[in-house]
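Notes for the structure review
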Amino acid sequence: MISYSRTIFKKVKMTKQSLKDRLKKIKINKYKSLFIAGSVALLPSLFKQHQTWQFNLPKKITADIIVIGADTISSQAFYENVKYFPEQKTWKYNHKNRDIDVYYLFDHKNSNLYNEEKLEKQHLVNRYDTAVISYKQKFINVTSKSNPIPNLVNLNFNDLEGKNFYKTPYLSETQEVEKVEPQAKKADDFSLVIKNQVEVMYNKSQESEGLGAKAFYLENENSITMVEYKADPSLPKEKRERLQEILDTRYNREDVLYNYDHEYQHFLNAKSGINGLGMTLEQTYRRRLHDELSANIKQFWKQREAYLQSGCQSNKLTSKTKFYHELIERGLIKPKLGEKISPQEQRYIAEGMQKAWDEKSRPFYQKSTLKYVRNRLKNNPAYKTKGSDEAYEKLLNDIYTYTVDGQTFNLRPYVKEFEINTQDGQELSAMREERGFIENDAISYQKQTKSKADFNRYIATQKTKHAILKHKSR
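Residues numbered from 1 in each chain as written. Predicted model: local features only at pLDDT ≥ 70, side-chain atom pairs only at ≥ 80, totals over all residues. Heavy atoms only, no water.

Some words on the overall build of the protein
In terms of helices and strands, the protein carries 16 helices and 15 strands. Of all 474 residues assigned to the protein, the portion counted as buried reaches 44%. For the protein, long-range pairs separated by at least 24 residues make up 67% of all intrachain contacts whose partners lie at least 6 apart in sequence. Working note: accessible area of the protein is about 26500 Å², and carbon and sulfur atoms make up 48% of it. (Helix = DSSP H or I, 4+ residues; strand = E, 2+ residues; numbered from the N terminus. Buried < 20%, exposed > 50% of the residue type's maximum accessible area, 1.4 Å probe, protein only. Contact = heavy atoms within 4.5 Å. Areas by Shrake-Rupley, 256 points an atom, 1.4 Å probe, with all protein chains shown as cover.)

Next comes the structure, spelled out in structure tokens:
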């Protein structure tokens, strides 16, 4: 916990006093400018003549850096180049030829409010794109501990699905086998590493292995993009038609996948503040997972409707939602189309979806989730701030509230908190240690607790302090 001491600033003359003594009392004159021994440019005077002011400051203000987005600069350079704009009554810093309002730059509450207002003003944009899918050759290693070599080794397609392998490779007896010395103690126990060439789907438009996103939401543009997969027209006719059939059957299926509903929930979650600032690293990490689970549940409602309309045909569900069919077969729920969803069914849906997503999808989000937290950390303090627990819980209640057939209900009570595995927990701890306590934390504290006028005084004082330090170093 950071302790705070009260400091009163008044205008003083340049004497041989210590910097600390100089900054104890300062009077700000509304109509006169403050000069520091001829070495400092004009500072804005913001307040009435002889008015004194006071506010709390951390005992230790600042390391030596300011963080702006992904960039770090010295505090000295920052305060030298901060300028006051009287018409707007705000301080701005010119960063990469763009004037950034310092008041919005550092305060997570104002930043969140700014983004919220921006989303309200922007219309949601729907876009449609095409991804050209082709094949490329790739060698894979298949390990088998059975001996002798089986006539046929059949790799489970589901195991390869995440890597977008097209063909299940068939390995024949005649293929070359490389013996690998075992780690086990038995000398006759060894692994067989079979090298096999397979065809891998890749997105020709992006030159990247795999298909790429079928749909995605971008908060900065407030847009949802739907992507249709098209087989590479340069492929031989038979191969191209077979590939297109696979793409249409498995991926270009909005009637089964309902990707738009998924992305639309991300849009709703963004409006609720899912990507806001001012929460702990752990809360920032977990809400990323909740965002995905919330969107998966959203698209399930359309699957459920189609499933019930079809007379409970399981082909209307995906692998992640097959549990719903099993619930009905076991007699645990007896849903009817158009009727209210009972609390019991709500619980089964929330628990079933979370279990399926945690097992089938979460592993693919591990790296991106840590990257997301680190990016949040670059832009603003992402550690526990006042009220973050309440804001976090309100957020989860918002994103798990759905309206289905006129019935509004909240699944949050049935959704468990995601656990953070040891490796990711260590990554978060490392981020916290790297981050430390830096100047924008102090500035953020000022704006959370005091008025904008006090914030302006704080910036003016810091600018003065750094000017004095520069003057002394000459």
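Here's the deal with the nonpolar core
Counting 39 residues, the largest nonpolar core has L293, I297, W301, Y324, Y400, Y402 and L411 as the members making the most contacts within it. Listed by contribution, the elements that provide at least two residues to this core are helix 9 (281–309), helix 10 (322–329), helix 11 (343–360), helix 12 (362–379), helix 13 (388–399), strand 14 (401–404) and helix 14 (422–435). A per-element tally of this core places helix 9 first, with nine residues. With sequence-adjacent residues up to four places away left out, Y400 is seen in contact with H290, L293, S294, I297, F409, N410, L411, R412 and V415. Counting 19 residues, the second-largest nonpolar core is a separate cluster that includes I68, Y84, I100 and I459. (Core = buried A, V, L, I, M, F, W, Y, C linked by side-chain atoms within 4.5 Å.)

As for the pairing of strand 13 (residues 223–231)
Across the nine residues of strand 13, seven count as buried, placing the element largely inside the fold. Across four bridges, the pairing between strand 12 (residues 215–218) and strand 13 is antiparallel. Among the inter-strand pairings, A215 is bridged to a residue of strand 13, identified as M226. Adjacent in sequence and paired antiparallel, strand 12 and strand 13 are bridged by four residues, among which N222 carries a positive phi angle near 50 degrees. (Pairing = 2+ DSSP bridges.)

Notes on the sheet that holds strand 5 (residues 82–85)
Strand order in this open sheet of three strands is 5-6-7, and the pairing throughout is antiparallel. Across the chains shown, the open sheet's two edge strands, defined by having one partner strand only, are strand 5 and strand 7 (98–101). Along the sheet, successive strands turn relative to each other by an average axial angle of 40 degrees, direction set aside. Where strand 6 (residues 90–95) lies against strand 7, four bridges are found, and the strand directions are antiparallel. (Axes fitted to C-alpha atoms, helices over the stretch in contact; angles between N-to-C directions.)

Concerning the pattern of salt bridges
A full pass over the atoms with the stated rule returns 17 salt bridges. A salt bridge links E245 to R242; the shortest N-O distance between them is 3.6 Å. A residue pair is termed a helical-turn pair when its members lie 3 or 4 positions apart in one helix, as E245 and R242 do in helix 6 (residues 237–250) at three residues. (Salt bridge = Lys/Arg side-chain N within 4 Å of Asp/Glu carboxyl O.)

Notes on the packing of aromatic side chains
What the rule picks out here adds up to 16 aromatic pairs. Both rings, one in Y260 and one in Y264, keep their centres 6.2 Å apart while their planes meet at 25 degrees; by these two values the pair is stacked. Remark: Y264 and Y260 occur in helix 8 (residues 259–271); sequence separation between them is four residues, near one turn of the helix. For Y260, a relative accessible area of 24% translates into the label partly exposed. (Phe/Tyr/Trp six-rings, centres within 6.5 Å; stacked < 30°, edge-to-face > 60°.)

Details of unusual backbone geometry
Despite not being glycine, N222 shows a phi value in the positive range, around 50 degrees. Relative to the elements of secondary structure, N222 occurs in the loop between strand 12 and strand 13. With relative accessibility at 0%, the residue N222 sits in the buried group. One non-glycine residue with positive phi stands out, namely D405, at about 50 degrees. With respect to the secondary-structure elements, D405 resides in the loop between strand 14 and strand 15 (407–410).

Observations concerning the confidence of the model for the protein
Looking at the protein, pLDDT values average 76 and 69% of them are 70 or higher. The model gives residues 144–190 a pLDDT under 50, and that stretch makes 78 contacts with residues more than four places away or in other chains. (pLDDT = per-residue confidence, 0-100.)

Description of helix 8
Taking 1.5 Å per residue, 13 residues should reach 18 Å; helix 8 reaches 19 Å between its end C-alpha atoms and fits that length. Where helix 8 is concerned, the buried positions are N259, D261, H262, E263, Q265, H266, F267, N269 and A270. G273 sits one or two residues past helix 8 and shows a positive phi near 95 degrees. (Expected span 1.5 Å × (residues − 1).)

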